[in-house]
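Chains, contacts and geometry: an overview
One-letter residues, chain by chain:
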Amino acid sequence: MAKLIGGLGSSHVPSIGAAMDKGLTQTDDWKPFFDGIGPGRDWVVANKPDVAVVVFNDHGNSFFLDKVPTFAIGCAGRYDPIDEGWGPRAIPSFEGHAELGWHIIDRMVENRFDPMIVQEIEVDHGIQVPMELFFGKPDKAWPVRVVPVFVNVIQYPIPLPSRCYELGQVLRRAIESFPGDERVVVIGTGGLSHQLQGARAGFTNPEADREFLRDIAANPGRLAALSREDYVRLFGSEGAELMMWLVMRGAMDPEVVVRHSHYYVPASMTGAGMLVLENRAA
Amino acid sequence: MEDRIPETPLFDRSRQLRGYRLNKMAMGLVDPANREAFRKDEEAYLDRFGLSAEEKRAVMARDWQDMVRLGGNVFYILKISAISPARMTEIGAHQAGMDHETFLRERLGKKPAGGP
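What counts, and where the lines are drawn
- Residues numbered from 1 in each chain as written.
- Chains lettered and ligands numbered in written order.
- Predicted model: local features only at pLDDT ≥ 70, side-chain atom pairs only at ≥ 80, totals over all residues.
- Helix = DSSP H or I, 4+ residues; strand = E, 2+ residues; numbered from the N terminus.
- Buried ≥ 20, exposed ≤ 12 C-beta atoms within 10 Å, placed from the backbone.
- Contact = placed C-beta atoms within 7 Å.
- Nonpolar A, V, L, I, M, F, W, Y, C, P; charged D, E, K, R; others polar.
- Axes fitted to C-alpha atoms, helices over the stretch in contact; angles between N-to-C directions.
- Parallel < 35°, antiparallel > 145°, perpendicular 65-115°, else oblique.
- Left-handed = near helix turned anticlockwise from the far one by under 90°.
- Domains from an automatic or database assignment.
- Pairing = 2+ DSSP bridges.
- Core = buried A, V, L, I, M, F, W, Y, C linked by C-beta atoms within 7 Å.
- pLDDT = per-residue confidence, 0-100.

Focus: the overall build of chain B
Each helix and strand in chain B was counted, giving 8 helices and 0 strands. Along chain B, helices and strands appear, N-terminal first, in the series α-α-α-α-α-α-α-α. Buried positions account for 38% of the 116 residues belonging to chain B. Put simply, of all contacts in chain B between residues at least 6 apart along the chain, 55% involve residues at least 24 apart.

This is the structure in structure tokens:
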């Protein structure tokens, strides 16, 4: 059976991708952030995953408001990067693990999660940036296949944090019942604190971000029990993305070991973080 | 409309319905042909999406604060900045009612450019 080897967390701020594209990673603005991502990349190299299940939200690129799936799961063989309006970025397409995608969808529905089934879609910075942070930007092909899991965190009603945590628990059982020998990581993405809309734009909350990075490992039940408004109040209107880390965390054991944790603020307007978790028994 | 969390417009049903045409217009700009149409005759492009006079004024003035007030969501209206460049921090500063330098310093803790 496939094996879950780790849970990863990462911001997906588009300007992180732009900084890599423009060679700005060593500027005063960006160096403190990029200096802290090395151990995350080293962990991936050492642990050799075959598949990344990436939990992220679309940002008005692949989906418009005409159709808003609360959860959507990809079962395509290939996902091309989407042109978000500034022209296409020079990164390779993602090879999808279609069989695992279908298997996860089957197990989800049997366990009373009913995601949208997605066979053709282009993907935005929500998946691109975390993949680049953990795997580097390859010239030709990514070293892993992907299964994208889309979560609506833009159009209310967005799902409950506790529901995201439960989705992760079902995701774990789905991965571990897949007939294959793949080594799988789950990547929760988004956040940390940021607000792009309204007079509170530019709000960040470094203290809450650091508590989040600590508690997502040590006390995820506290974070799963928060309300959606708690997320917005604590982490900003777009900081609600952080509930997608709960999907990743729900897929892990109750007890985890933190292999790497990194935080820097501000990456553009956002508290940026990276996290590597392993199950204790792994 | 009063925000339940101060100065924080949640993109709930009423905002989404109010801003639907505005957001749809902006979403259209991911298509290069539409970007060209917008550049050539902005008002004609906006009229294709049935925008009100108030909405058109906000877009044509690049009044980000007012676009959000009218139900615009940053993830969509941001696509206007692919045509007339504006950094996310400049859009943020405009909504916060600050000049860019002040916003960077006070909200994001940045030192002034060229400063110590």
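With respect to the overall build of chain A
When helices and strands are tallied, chain A shows 10 helices and 10 strands. The principal-axis extents of the C-alpha atoms in chain A amount to approximately 45 × 45 × 40 Å. The long-range fraction of contacts in chain A, counting pairs at least 24 apart against all pairs at least 6 apart in sequence, stands at 82%.

Observations concerning the interface of chain A and chain B
Each partner contributes residues to the interface: chain A has 26 residues there, and chain B has 33 residues. Considered class by class, the residues forming the side of chain A that touches chain B number 11 nonpolar, 10 polar and 5 charged.

Quick notes on the packing of helix 1 (residues 14-21) of chain A against helix 5 (residues 125-135) of chain A
Residue and element names in this part refer to chain A. Between helix 1 and helix 5, the least distance of the axes is 9 Å, while the angle of their chain directions is 55°. As summarised for this structure, helix 1 and helix 5 are arranged oblique, according to the angle between their axes. In the crossing of helix 1 with helix 5, the sense of the turn from one axis to the other is left-handed. Packed against helix 1, whose contacting residues are Pro14, Ile16, Gly17 and Met20, the element helix 5 presents His125, Gln128, Val129 and Glu132 at the interface. Of the residues in the contact of helix 1 with helix 5, the class split is 4 nonpolar, 3 polar and 1 charged.

A few points about unusual backbone geometry
Residues and elements named next belong to chain A. A cis amide bond, omega 0°, links Gly191 with the succeeding residue Leu192. Along the chain, Leu192 falls in the loop between strand 8 (183-189) and helix 7 (206-218). Of note, the amide linkage connecting Val265 to Pro266 takes the cis form, showing an omega dihedral of -5°. Looking at the element boundaries, Pro266 is found in strand 9 (residues 256-267).

Regarding the domain arrangement of chain B
Note: interface size is frequently given as the accessible area lost on complex formation between the parts. All names here are of chain B. Segmenting chain B into domains produces domain 1 (13-83) and domain 2 (86-116). With 6 residues of domain 1 at the interface, the matching set in domain 2 holds 4 residues. Its residues assigned to classes, the side of domain 1 that touches domain 2 comprises 3 nonpolar, 2 polar and 1 charged.

Quick notes on the pairing of strand 8 of chain A
Residue and element names in this part refer to chain A. Counted residue by residue, strand 8 has 6 buried out of 7 residues, so it is predominantly covered. Inspection of the sheet shows strand 2 (residues 51-56) paired to strand 8 by 5 bridges, in the parallel sense. Bridging from a neighbouring strand, Val51 pairs with Val184 of strand 8.

Overview of the nonpolar core
Counting residues in hydrophobic clusters, the biggest one holds 119 residues, and the most contacted among them are Val54, Val55, Leu171, Met244 and Val247 of chain A. When residues of this core are sorted by domain, at least three fall in each of domain 1 (13-83) and domain 2 (86-116) of chain B.

A few points about the confidence of the model for chain B
In the predicted model, chain B carries a mean pLDDT of 93, and the fraction of residues at 70 or more is 94%. The ipTM assigned to the predicted complex is 0.94, against a pTM of 0.97.

Here's the deal with the sheet that holds strand 3 (residues 71-74) of chain A
Residues and elements named next belong to chain A. An order of 6-3-7-2-8-1-10-9 is seen for the 8 strands of this open sheet, with the pairing classed as mixed. Of all the strands in the sheet, just strand 6 (116-118) and strand 9 have a single pairing partner and so form its edges. Within the sheet, the average angular offset between the axes of one strand and its neighbour, ignoring direction, is 15°. Judged from the 4 bridges that link them, strand 1 (residues 3-10) and strand 10 (residues 270-279) form a sheet pairing that is antiparallel. Note that in strand 10 the partner of Gly9 across the bridge is Leu275. Along the sheet, helix 4 (residues 98-110) contacts strand 2, strand 3, strand 6 and strand 7 (145-151); its crossing angle with strand 3, the most-contacted strand, is approximately 145°.

Observations regarding the pairing of strand 2 of chain A
All names here are of chain A. Summarising burial for strand 2: 6 of the 6 residues are buried, a large majority. Bridge count for strand 2 against strand 7 is 6 bridges, and the pairing is parallel. Along strand 7, the bridge assignment pairs Val51 with Arg145.

A short note on the environment of Ala240 of chain A
Residue and element names in this part refer to chain A. Relative to the helices and strands, Ala240 is located in the loop between helix 9 (228-235) and helix 10 (245-250). Among the residues examined, Ala240 registers 26 C-beta atoms within 10 Å and is labelled buried. For the pair formed by Ala240 and Leu192, sequence separation is 48 residues and the distance between their alpha carbons is 8.4 Å. Once residues lying within four places of it in the same chain are set aside, the contact partners of Ala240 are Val153, Ile158, Arg228, Tyr231, Val232 and Phe235.

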